[in-house]
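# Understanding the architecture of this molecule
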Amino acid sequence: MCEHKPIIRRGAIVAMVVACLLAGPTAAEAVVPRPAASVVKPASVTATASMAASVTASEAVSARTYRPARAPGDGGDDGPFGFADTGLLDGLDLPYGLGGDEGAPSGGGPARVYRGYGFDTCRTPPLSTMRAWLRSRYRAIGVYYGGRARACSTQRHLNRNWVRSVHRMGWRILPIYVGSQSPCVRGRHLRNHRMSTDDPWGQGASEGWDAVRRAAALGFEEGSALYLDMEAYNVKRSHCADHTLDFIRGWDREVDDAGYLPGLYSSSESGIRHIERARREGYDDLPRAVWFARWQGKPAVRDEPVLAREAWHPHGRIHQYSGSVREKHGGRRLAIDRDRLDGPVAVVG
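Scoring rules and cut-offs
- Residues numbered from 1 in each chain as written.
- Predicted model: local features only at pLDDT ≥ 70, side-chain atom pairs only at ≥ 80, totals over all residues.
- Heavy atoms only, no water.
- Phe/Tyr/Trp six-rings, centres within 6.5 Å; stacked < 30°, edge-to-face > 60°.
- Helix = DSSP H or I, 4+ residues; strand = E, 2+ residues; numbered from the N terminus.
- Buried < 20%, exposed > 50% of the residue type's maximum accessible area, 1.4 Å probe, protein only.
- Disulfide = S-S within 2.5 Å.
- pLDDT = per-residue confidence, 0-100.
- Contact = heavy atoms within 4.5 Å.
- 1 Å grid on protein atoms, 1.4 Å probe; cavity = no way out; pocket = protein on both sides within 12 Å on 5 of 7 lines; lining within 4 Å.
- Points joined across faces, edges and corners; volume = space filled by probe spheres on them.
- Nonpolar A, V, L, I, M, F, W, Y, C, P; charged D, E, K, R; others polar.
- Salt bridge = Lys/Arg side-chain N within 4 Å of Asp/Glu carboxyl O.
- Core = buried A, V, L, I, M, F, W, Y, C linked by side-chain atoms within 4.5 Å.
- Pairing = 2+ DSSP bridges.

### Brief notes about the packing of aromatic side chains
This model, assessed by the stated rule, comprises 10 aromatic pairs. Centroid distance Tyr177 to Trp251: 6.2 Å. Interplanar angle 40°. Geometry classified as tilted. Here the residue Tyr177 occupies a position in strand S4 (residues 172–177), and Trp251 occupies one in helix H8 (residues 238–257), the gap between them amounting to 74 residues. Looking at Tyr177, the relative accessible area reads 2%, which means it is buried. For Trp251, a relative accessible area of 0% corresponds to the buried category. Measuring from ring centre to ring centre gives 5.5 Å for Tyr265 and Trp291, while their planes differ by 85°; the resulting arrangement is edge-to-face.

This is the structure we're talking about:
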């Protein structure tokens, strides 16, 4: 586990945050320059496929080259910026990883953190609704942009223009990819989308590349957080849990190699509990951010009971604290899940 180490002096940090408070998100976004989007298919997808064709599954596992886990570690109660969590930074964009090298994806793209309230909804709303909802306290939205298990596969409003337009309105976007699900997924409606148990790592890598390709097509640049949605599954079935973890890690590796930041959405009592156990046991290729669902009616980003206090802290957590509710703002009503963010979001040019 790596600790966050400040790379700029406290006085400079104070000046930066004050400037952000005065100028808003645009000023904060100027802190780190963004590269031109360039997505080149990593060799690991092809390598995994050829390996699977020539060796057995067990041999393939032993032949892989792993790298250390880089999940955010403990930056202290004040975080890498030296400010206590008093809400001072709420509503601001922050450069992810100012506290240490573990914050940046391997491709070098500058990730962004958003702290504040958000929501996710199955079908991407039209621009008129997003404009109307500026009257709400929300400023982040989760969009289901890809994956074969996505419930709302028809997203007629979601395109490059929508992404660019809502970002300019002041919204921050959480791209969600609903890929293959665990072999022991609990939801009956998802059982037709279970992953293969022959080569879950390879399947995860393949779907990780698909997630990157689709994200780039929508204008999400390198450094963007992409969240894999792994719905609730039976973590007590060890073989099933092992296959699921292999899939997640293969997906993470592929997304990270492409210069994006892999995140995981799941229920606190299944996927999040499982990934925290993997972190404690020293597994590599883990998600760089976690988005946990625990519907308890109030947000508790830092106080999730299945996560150690230092795990994915600071700026690596999102709490979905309420679900399947209806809200109306600016005359437009939506069915949403409510989220509290202190974590990375999409980078949009």
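Read on for the rest.
### Structural notes on the state of the cysteines
Counted according to the given criterion, the structure contains 2 disulfides. The partner cysteine of Cys122 in its disulfide is Cys152, sulfur to sulfur 1.9 Å. A torsion of 115° about the S-S bond marks the disulfide between Cys122 and Cys152 as right-handed. Of this pair, Cys122 sits in the loop between strand S2 (112–120) and helix H5 (127–132) while Cys152 sits in the loop between strand S3 (140–146) and helix H6 (160–169), placing them 30 residues apart in sequence. Between the sulfur atoms of Cys184 and its disulfide partner Cys240 the distance amounts to 1.9 Å. Between Cys184 and Cys240 the disulfide shows an S-S torsion of about -90°. By sign, it is left-handed. Note that Cys184 is positioned in the loop between S4 and helix H7 (200–217) and Cys240 in helix H8, a separation of 56 residues in sequence. Of the two residues examined, Cys184 and Cys240, each falls in the buried class.

### Observations regarding the confidence of the model for the chain
For the chain, mean pLDDT is 78; residues scoring 70 or higher make up 69% of the total. Segment residues 1–40: pLDDT under 50, and 74 contacts once partners within four positions in sequence are set aside and those in other chains are kept. Below pLDDT 50 for its whole length, residues 42–88 participates in 92 contacts with residues either more than four positions away or in separate chains.

### Notes on the layout of surface pockets
Estimated volume of the largest pocket: approximately 510 Å³. Around the largest pocket sit 25 residues that line it, and Tyr144, Asp229, Glu231, Tyr265 and Asp337 are the ones nearest its centre. Of all the secondary structure elements, the ones that give two or more residues to the lining of the largest pocket are strand S6 (261–267), strand S8 (317–329) and strand S9 (332–345). Along the lines of polarity and charge, the residues of the lining of the largest pocket split into 14 nonpolar, 6 polar and 5 charged.

### Remarks on the environment of Tyr265
Mapped onto the fold, Tyr265 is located in strand S6. Tyr265 sits in the buried class, given a relative accessible area of 9%.

### Quick word on the pattern of salt bridges
In total, this model carries 14 salt bridges according to the counting rule given. The residue Arg249 makes a salt bridge to Asp246 at a minimum N-O spacing of 3.8 Å. Linking Arg249 with Asp246, this pair stays in helix H8, spanning 3 residues, or about one helical turn. You can call Arg249 buried: its relative accessible area is 6%. Two residues, Arg294 and Glu269, come together in a salt bridge whose shortest N-O distance is 2.7 Å. Taken as a pair, Arg294 in the loop between strand S7 (289–293) and S8 and Glu269 in helix H9 (residues 268–280) lie far apart in primary sequence, 25 residues in all.

### Digging into the nonpolar core
Counting 52 residues, the largest nonpolar core has Trp162 and Ile173 as the members making the most contacts within it. Broken down by element, this core gets its largest block of residues, 6 residues, from H8. If near-sequence neighbours (up to four positions away) are discounted, Trp162 is found in contact with Thr124, Pro125, Pro126, Leu127, Met130, Ile141, Val143, His157 and Ile173. Listed in part, the 20 residues of the second largest apolar core include Ala111, Ala140, Trp291 and Val345.

### A closer look at unusual backbone geometry
Across the junction of His313 and Pro314, the peptide omega takes the value 0°, indicating a cis bond. In this model, Asp285 sits at a positive phi of 55°, which is unusual for a non-glycine residue. Along the chain, Asp285 falls in the loop between H9 and S7. Using a relative accessible area of 5% as the deciding quantity, one classes Asp285 as buried.

### A short note on the pairing of S8
Within S8, 10 of the 13 residues are buried, which leaves it mostly tucked inside the rest of the structure. In the sheet, S8 pairs with S9 via 10 bridges, with the strands oriented antiparallel. Opposite Ile318, over in S9, you have Leu341 as the bridge partner. Counting the residues that bridge the hairpin from S8 to S9 gives 2 residues, and of these Gly330 lies at a positive phi of roughly 60°.

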